[in-house]
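Descriptive structure summary
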Amino acid sequence: MFDEDNTTEQMMLSVLQENGWKYIPAEDLPRQYSDVMVEPMVKDALIRLNPEIAEDPTRADDVIYRLRSLILSVQPHNLVTQNELFKKLVFEENSFPFGKDGRMVPIRFFGTMTAEDLAKNEYIVTNQWVFPQKEEGKRLDIVLLINGFPVVIGELKTPVRNSITWYDGAQDIMDYEHSIPQMFVTNIFNFASEGKCYRYGSVNMPLNIWGPWHTPNHKSEGLLADVRNSVSDMITPKKVMDIFQFFTMFATDKKFRKYKIICRYQQYEGANQIVDRVVAGYPKKGLIWHFQGSGKSLLMVFAAQKLRMMPELKNPTVVIVDDRIDLETQITATFNASDIPNLSSASTKDELMEFFKGDMRKILITTIFKFGEVESVLNDRSNIILMVDEAHRTQEGNLGEKMRLALPNAFFFGLTGTPINRTDKNTFNTFGATEDKSGYMSRYSFSDSIRDGATLPLNFEPVPVELHVDKDKLDAEFDTLTEGLSENEKAELSKRVNMKAIMYNRERIRKVCEHIANHYKTKIEPNNYKGQVVCYDRECCLMYKEELDKLLGPEASTIVMHTNNDKADRYKAFRRDRDEEGKLLDYFREPDSPLKLVIVTAKLLTGFDAPILQVMYLDKPMKDHNLLQAICRTNRTYGADKSHGLIVDYIGIFDDVARALDFDESTMQKIISNIDEVRKKLPGLMEKCLKYFMGVDRTVEGWEGLSAAQECLPTNEVRDAFAADFRVLTRAWDALSPDACLARFKADYQWLSRVYQSVKPVDGRGGLIWATLGPKTIELVHKHLTVGDTQEDMEILSLDADLIDDFIAKQEKEKGGAKAIAKRIEINLVAKILNHSKDPKFIALGEKLEALREKHEQGLVTSIEFLKMLLVLAKEAASAEKEVVPEQEIDKGIAALTELFNGIRNTKTPIIVERVVKDIDELVKLVRFPGWQNTTEGKKSIKKELRKLLWNRYEIKDSDVFEKAYSYIEQYY
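Residues numbered from 1 in each chain as written. Predicted model: local features only at pLDDT ≥ 70, side-chain atom pairs only at ≥ 80, totals over all residues. Heavy atoms only, no water.

Counting residues in hydrophobic clusters, the biggest one holds 114 residues, and the most contacted among them are F109, F189 and I235. Counting residues per element, this core draws most heavily on helix α11 (residues 296–308), at 7 residues. Counting 55 residues, the second largest nonpolar core, distinct from the first, contains Y617, I651, L690 and V755. (Core = buried A, V, L, I, M, F, W, Y, C linked by side-chain atoms within 4.5 Å. Buried < 20%, exposed > 50% of the residue type's maximum accessible area, 1.4 Å probe, protein only. Helix = DSSP H or I, 4+ residues; strand = E, 2+ residues; numbered from the N terminus.)

Laid out in structure tokens, this is it:
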């Protein structure tokens, strides 16, 4: 038998002990259940590491008291702040009055840096740690302690159930951060695994950005051996301490909220390679290729932070060099947000020269152009380290030579986000070390970043042929037109008939803008994403803005461009200083701002980070690294629903993308997918999902139709397989929606969506396979999700338990057996539970229902027993639902409807008012969804069900009554 305890957990304990962590069962640790720290271990470490405390061990109690106060004062909302305070207490604000005459002296909590120092720490792994009390306390699967502090927490799941994933374990940790935040004040990171995938994250990190840990030679996932490889490499005492000290940071976002940053494995690898070379003193250079969007700026932050703190480097100077002002701004913002000390900038060439001549020992961020006037050595120290961003452009020429003249003994590390073709000798000669056989010191490719979830795939969408600039056709027509002319005459004529003439064509610009406006309104705006329009030049930007204003309104777009050399003031309206531009781009990043499109030609094609940006409308010839940098503006992750970046290509540029990666074309072709390919795959994906329901009549509505579909998914394993296939279909659907090609599949897709929602586990298991549907699918489900009528169900729920047997006997004769009744009740019960999916009572009901389903599947209960137990749960659900609906709503809604139907009751309409009101109340609560009053389909759905109820069940066909009833519903529900 395989389960969580004897597979994932035992493997984890085994490999951690191999890594140097000593195993002690949780029950054997000298702590109370309510203790976060193992205080005897903390005290021993303080005495061991500090002569001043060894001299008087009672001093350790003062330190522990301060630590205890820090831990006990935590609340879920300030966990990140308290976590930061702990790190500051350990490494920065660690002075206590234990010196001679009460002098403040620094106290060490951990041995750091050297192997000899690290060996002074006590490294413990334990499992099944209970906190804060034995009865009903939380039970943590794996806890790692250093010197008595819990620094790493791991949650594990079984590897033998498809429905359970690492995501479920990570969700448990997120729940613990809210319920027992004390356990996470001293935390470095957390991890989760189901024995197939390993993921880690820092406190309060959203689950969608938890990352994997891979090694250069092992990047596969899916087996226990893969998880073992990740844990074996990452969770060593040395690396955990390294990550703690140098590779975790705390930053502040633009809304002044604190968040914690932890390195991804490629940042850890790249930054440490830089540090190792500097410490060794050789080789004095190296080239790092980490693809766009995978975190190069943070890699430089981590490397700079560690270099500055290495005592053997004797207070080095670290220089970050860019060749774009916008990149300089972006990286400066990253460093500033991360609260990195001793940060400086050189805004002029004179300031740059003064910085080096003054022998400043800080982190400097500057652009390469400021080296332009250097004529001699500025500083010949060997502990100056330069990290040169986008190292394949201006750094290769005269400016690069000037930089090396100024700093002859410095280290030079080049970083690039786009691959460098092997024919590009200069860049490899400038930065590539001969010791690196591939030319790169560290490589993190596009496919690596997609696989790890660091960036998103890129889709290319073709446009109508008449909007394309067909350069080959243009050249052929030109040759035909100029047949018989000499080469000189052809050259003279071609100067007049050039690309500019085509790009300035007003009729073409109008058509392209019409296509952009329609595409944005129908495909991008509904999902609340934004776009970028890339034009041929500044004049084109003005023409595009003029046309888009007519189509979308002037507030929907703006131009961001350089306005230098503007002698005629043509671009005056878009002239902004750096602060004004920064505020404008922050405004663009706001989801609710009316600014939807930024029109650009050169600016914002590098260094512009706006995850809300999904689409680029590309109408400018580009190639090589410029093209790749530009299109990668769209592939940043953004929440759980953004599945890809999109390039709408008016210039026929896709082949140029492949050529820009010609040495790695096969990889690139897999990652950059063409929308046409998604279109071609959709029928096959649809067919794969429908195959689960062979022989089911999809036109049958109500609970009978849904029951027939559910019978095709009899076990958890089959349901999970269907969910995985439907998830793939959903991603394709969302990528295409609302493309006209979807129309013929819409009915089947809606049907599959309803089935998916109806069998979705209500106990929250399998969070990864049963991931949230995309926004387009959710919209469809809300429009069309119905689960049969619930009126007779309410009669069942009103029965006393001792009458159930008689009821079943009667219903079996009339309805075809206990099985059919049970299915109907189960469907209605699921609907209720899903309707209150965040309420603890309904979560508990969902868990009971899942357990009951499994017993029934395994044949442990008969159909009659299953039905009886279902009825008990259904009664609980009805009772719970009454409690969660606000009294005010019940009073007002029911009172208004009661008054209406009392007013129409007479001898011709002998209705029972309480019954009809109750039926309407139950019906509306089942069918509605948040904000239904604001959608056409929501209103239509309520009206349809209300009409069916009044006309068919109660034969009330007075349209005035119907309209009044509906208006009350719209008002009160």
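Our focus in this paragraph is the environment of L597. Considering the arrangement of structural elements, one finds L597 in strand β21 (residues 597–600). You can call L597 buried: its relative accessible area is 0%. Here L597 is in contact with I516, Y520, G531, Q532, V533, L548, L552, A556, S557, T558, F588 and Y617, once residues within four sequence places are set aside. (Contact = heavy atoms within 4.5 Å.)

Turning our attention to the side chain of T601. Among the structural elements, T601 can be located in the loop between β21 and β22 (613–618). We classify T601 as buried; its relative accessible area is 7%. Within the structure, T601 has its side chain in polar contact with the backbone oxygen of Y536 (distance 3.3 Å). If we ignore the near neighbours within four places in the chain, the residues touching T601 are V534, C535, Y536, D537, R538, C541 and K620. (Polar contact = N/O pair within 3.5 Å; in protein donor to acceptor, adjacent residues only side chain to side chain.)

Our next topic: the sheet that holds strand β6 (residues 149–156). Taken together, the 6 strands give an open sheet; going across it, the order is β1-β4-β5-β6-β7-β8, and neighbouring strands pair in mixed fashion. Two strands bound the open sheet, and with one partner strand each, they are β1 (22–23) and β8 (198–201). The pairing of strand β5 (residues 138–146) with β6 spans 5 bridges and is classified as antiparallel. Looking at β6, one finds that I146 is bridged to F149. (Pairing = 2+ DSSP bridges.)

Further remarks concern helix α37 (residues 913–927). Its 15 residues give α37 an end-to-end C-alpha distance of 21 Å, which sits within 8% of 21 Å, the value for a rise of 1.5 Å per residue. Within α37 the residues assigned to the buried category are V913, V916, V917, D919, I920, D921, E922, L923, V924, K925 and V927. (Expected span 1.5 Å × (residues − 1).)

The end-to-end C-alpha distance of helix α39 (residues 959–972), which contains 14 residues, comes to 20 Å, matching closely the 20 Å that a straight helix rising 1.5 Å per residue would cover. Restricting attention to buried positions, one finds in α39 the residues V961, F962, A965, Y966 and I969. The arc that holds every buried residue of α39, seen down its axis, measures 130°, which confines them to one face. (Arc of directions from axis to C-beta.)

Pairing between the strands of a sheet is mediated by backbone hydrogen bonds and can be parallel or antiparallel. Spatial strand order, β13-β14-β12-β15-β16-β11-β17: 7 strands in an open sheet with parallel pairing. Each edge of the open sheet carries a strand with a single partner, namely β13 (343–345) and β17 (442–444). The mean angle between the axes of side-by-side strands here comes to 20°, regardless of whether they run parallel or antiparallel. Direction of pairing for strand β11 (residues 285–290) relative to β17: parallel, over a ladder of 3 bridges. What sits directly across from I288, in β17, is S442. Sitting on the sheet, α11 is in contact with β11, β12 (317–322), β14 (363–367), β15 (384–389) and β16 (411–416), with an inclination near 180° to β15. (Axes fitted to C-alpha atoms, helices over the stretch in contact; angles between N-to-C directions.)

Take the pairing of β22 next. Burial runs high along β22: 6 of the 6 residues are buried. Where strand β19 (residues 530–534) meets β22, 5 bridges bridge the pair, whose relative direction is parallel. Along β22, the bridge assignment pairs V533 with Y617. As paired elements, β22 and strand β23 (residues 645–649) share 4 bridges and run parallel to each other. In the sheet register, M616 faces β23, and the bridge partner there is I647.

Looking along the chain, the bond that leaves F131 and enters P132 is cis, with omega of 0°. In this model, Y282 is joined to P283 through a cis peptide bond whose omega is -10°. Tracing the backbone shows P283 in the loop between α10 (265–280) and β11. Even without being glycine, L604 reaches a positive phi, approximately 65°.

All right, on to the confidence of the model for the protein then. Summarising the model, the protein shows a mean pLDDT of 80, and 75% of its residues fall at 70 or more. This stretch, residues 660–670, has a pLDDT under 50; its non-local contacts, to residues over four places away or in other chains, come to 19 contacts. (pLDDT = per-residue confidence, 0-100.)

All told, the structure shown has 36 salt bridges when counted by the stated rule. Between R199 and E221 there is a salt bridge, with its nearest N and O atoms 2.5 Å apart. Here R199 is found in strand β8, whereas its partner E221 is found in the loop between β8 and α8 (224–234), with 22 residues between them in sequence. On the accessibility criterion, E221 (31% relative accessible area) is partly exposed. In this structure, the salt-bridge partner of E581 is K603, at a minimum N-O distance of 2.6 Å. Of this pair, E581 sits in helix α22 (residues 578–589) while K603 sits in the loop between β21 and β22, and the two are 22 residues apart along the sequence. For the pair E581 and K603, one class covers both residues: buried. Taken together, the shared-partner salt bridges in this structure form one network comprising K219, D448, R451 and D452. (Salt bridge = Lys/Arg side-chain N within 4 Å of Asp/Glu carboxyl O.)

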